[in-house]
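An overview of the molecular structure
Listed here are the chains, written in short residue letters.
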Amino acid sequence: MIHLLATGGTIAGEADPEAGHGRYRAGVRPVEALVAAMPGPANAGPLTARQILALDSKDMTPADWLAILAATRTAVADPSCDGVVILHGTDTLEETAWFLHLMLPASKPVVLTGAMRPADHPTADGPANLLAAVRLAERPEARGKGVLVVMNGTAFGARRVVKARCSGLDAFESPEPWQAARADGHFAGLAATELPRVDILPGYAGAPADLIDASVGSGARGLVLALCGNGSVPTAWLPALRAARRHGVAIVRGSRAAGRVAPDTNADDSGEGWFTAGDLPPPKARIALMLGLAAGLSGDSLRSALLACGG
């Protein structure tokens with residue numbers, strides 16, 4: 001039995017008549033309608049369907065992640081469940097997938113999918129994506145891979161997958177095949193009821209240091225710096241970053257470019273008390289930092305956890 005959990009997204013979207021059909025509204029169609037539109041239902045095994053959210057994923061929040069996590073844990077615990085498929089909007093799909101990947105143990109397959117075209121599009125991709133996700137969740141070799149993502153007939157591991165293009169059916173990509181994925185579950189034992197605020201601050205020519213002050217003043221417990229190049233910290237940011245550290249704010253140095261930001265390369269991370277994102281893009285580094293802080297980690301323990309997540 002596959003347990004299907006719906007959260008909204010473009011896969012459940014319909015054209016917005018008030019916008020002259022030039023735009024669409026996400027999360028409109030209920031999960032029952034999406035299941036009914038799935039092609040070749042005889043090609044998939046039995047499933048149950050539950051609507052847990054009805055969101056455009058641009059509006060997804062950490063509180064919503066926790067709701068999805070709770071529903072997924074309940075589904076996985078059901079003895080009749082062979083795997084879980086989660087329908088999700090594509091804007092933040094990779095973030096929810098990574099969050100669940102870190103929070104779930106290596107057990108039954110959990111597969112996220114969505115769509116780049118709304119449900120009422122004449123060539124909607126959602127039905128085929130749903131069928132592909134159900135089929136993957138049924139496969140024995142999907143066990144032990146952690147959370148997976150299926151889009152446009154291709155499967156990906158949660159750690160590496162990114163939405164690389166803003167349009168097109170091939171919007172998602174990963175540098176490695178899903179078969180190379182492995183379960184992480186670094187925080188599978190964490191029973192969090194809320195997550196600490198962690199902000200992402202972009203580095204760019206002339207980026208003002210008062211962005212740091214504003215985040216700290218608004219209650220951020222951590223900052224992920226999406227910097228230029230190899231995590232290059234603007235000189236003008238140093239006083240504000242040091243003040244943030246004195247206030248106990250955790251700081252992760254990452255990059256807006258692809259590649260690994262290693263400790264003590266291009267910056268004195270050890271001397272400043274900063275952490276590094278490894279090869280995690282800033283949105284995923286943010287999630288790892290949030291969970292580390294929620295688990296009460298600090299200092300070397302937090303550094304070790306981030307290294308384990310980011311490599």
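Quick summary incoming for the structure in this document. (Residues numbered from 1 in each chain as written. Predicted model: local features only at pLDDT ≥ 70, side-chain atom pairs only at ≥ 80, totals over all residues. Heavy atoms only, no water.)

1. Quick word on the sheet that holds strand β4 (residues 47-55)
For clarity, the cut-off: A pair of strands counts as paired when DSSP detects no fewer than two bridges linking them. What counts as a helix is a DSSP run of H or I of at least four residues, what counts as a strand is a run of E of at least two, and both are numbered from the N terminus. Every axis in this analysis is a line fitted to C-alpha atoms, fitted for helices over the stretch in contact. Angles between the N-to-C directions lie between 0 and 180 degrees. We call two residues in contact whenever any of their non-hydrogen atoms come within 4.5 Å of each other.
Judged by pairing direction, the sheet is mixed, and its six strands sit side by side in the order β4-β1-β5-β6-β7-β8 without closing on themselves. Two strands close off the open sheet at either side, each with one partner strand: β4 and β8 (154-157). Neighbour to neighbour, the strand axes of the sheet diverge by 25° on average, direction disregarded. Sheet topology note: the strand β1 (residues 2-8)/β4 ladder contains six bridges and is parallel. Among the inter-strand pairings, alanine 6 is bridged to a residue of β4, identified as glutamine 51. Packing against the sheet, helix α2 (residues 62-77) makes contact with β1, β4, β5 (83-87) and β6 (110-113), and its axis sits at approximately 170° to β4.

2. Examining the sheet that holds strand β14 (residues 275-276)
Across the sheet, which stays open at both edges, the four strands sit in the order β11-β12-β13-β14 with parallel pairing between neighbours. Because the sheet does not close on itself, it has two edges, and the strands there are β11 (198-202) and β14. Note that β11 and strand β12 (residues 222-227) share five bridges and pair parallel. For isoleucine 200, the partnering residue across the bridge sits in β12 and is valine 224. Along the sheet, helix α5 (residues 210-217) makes contact with β11 and β12, crossing β11 at roughly 170°.

3. Details of unusual backbone geometry
Negative phi characterises most residues that are not glycine, and trans characterises most peptide bonds. Threshold: Throughout, exposure labels follow a simple rule: accessible area from a 1.4 Å probe, protein chains only, divided by the maximum for the residue type, with under 20% read as buried, over 50% as exposed, and the rest as partly exposed.
For asparagine 152, which is not glycine, the phi torsion reads 55° and is therefore positive. Tracing the chain through its elements places asparagine 152 in the loop between β7 (147-151) and β8. Taking the relative accessible area as the measure of exposure, asparagine 152 reaches 40% and is therefore partly exposed.

4. Side note on the environment of threonine 276
As for its position among the elements, threonine 276 is in strand β14. Between the C-alpha atoms of threonine 276 and alanine 115, which are 161 residues apart in sequence, the distance is 33 Å. Once residues lying within four places of it in the same chain are set aside, the contact partners of threonine 276 are Val252, Arg253, Val261, Ala262, Pro263, Asp269 and Leu306.

5. Some points on the packing of α2 against helix α3 (residues 93-103)
Selection rule: Reported orientations rely on four angle classes, namely roughly parallel under 35 degrees, roughly antiparallel over 145, roughly perpendicular from 65 to 115, and oblique for the rest. Crossings are sorted by hand: turned counterclockwise from the far helix by less than a right angle, the near helix makes the crossing left-handed, and turned clockwise it makes it right-handed. Throughout, the ten residues Ala, Val, Leu, Ile, Met, Phe, Trp, Tyr, Cys and Pro are labelled nonpolar, Asp, Glu, Lys and Arg are labelled charged, and all others, Gly among them, are labelled polar.
Where α2 contacts α3, the axes come no closer than 10 Å and their chain directions differ by 50°. Overall, the two elements α2 and α3 adopt an arrangement that is oblique. Considering only the axes of α2 and α3, their crossing is right-handed. On α3, the residues touching Trp65, Leu66, Ile68, Leu69 and Arg73 of α2 are Glu95, Thr96, Phe99, Leu100 and Met103. When grouped by side-chain class, the residues that make up the contact of α2 with α3 number seven nonpolar, one polar and two charged.

6. Examining the pattern of salt bridges
As a reminder of what qualifies: Any Lys or Arg side-chain nitrogen found within 4 Å of a carboxyl oxygen on Asp or Glu counts as a salt bridge.
Tallying each qualifying case throughout the model produces 13 salt bridges. A salt bridge links lysine 163 to aspartate 91; the shortest N-O distance between them is 3.3 Å. Of this pair, lysine 163 sits in strand β9 (residues 162-163) while aspartate 91 sits in the loop between β5 and α3, placing them 72 residues apart in sequence. For lysine 163, a relative accessible area of 21% puts it in the partly exposed group. For aspartate 91, a relative accessible area of 43% corresponds to the partly exposed category. Here the salt bridges share partners, and the residues they tie into one network are Arg159, Arg160, Glu176 and Asp279.

7. Some details on the pairing of β6
Neither face of β6 is open: one carries Val110 and Leu112, the other Val111 and Thr113, and all of them are buried. Relative to β6, β5 runs parallel, the two sharing four bridges. Each bridged residue has a counterpart across the sheet, and for isoleucine 86 the counterpart in β6 is leucine 112. The sheet contact formed by β6 and β7 spans four bridges and is parallel. Each bridged residue has a counterpart across the sheet, and for leucine 112 the counterpart in β7 is valine 149.

8. Section: the packing of aromatic side chains
Selection criterion: Pairing of aromatic rings covers Phe, Tyr and the six-membered ring of Trp, with a centre-to-centre limit of 6.5 Å; geometry is then stacked below 30 degrees between planes, edge-to-face above 60, and tilted otherwise.
Following the criterion strictly, the structure yields one aromatic pair and no others. Measuring from centroid to centroid gives 5.3 Å for tryptophan 65 and phenylalanine 99, while their planes differ by 25°, and the two rings are stacked. With tryptophan 65 in helix α2 and phenylalanine 99 in helix α3, this residue pair connects regions lying 34 residues apart in the sequence. The pair formed by tryptophan 65 and phenylalanine 99 is uniform in burial state, with each residue classed as buried.

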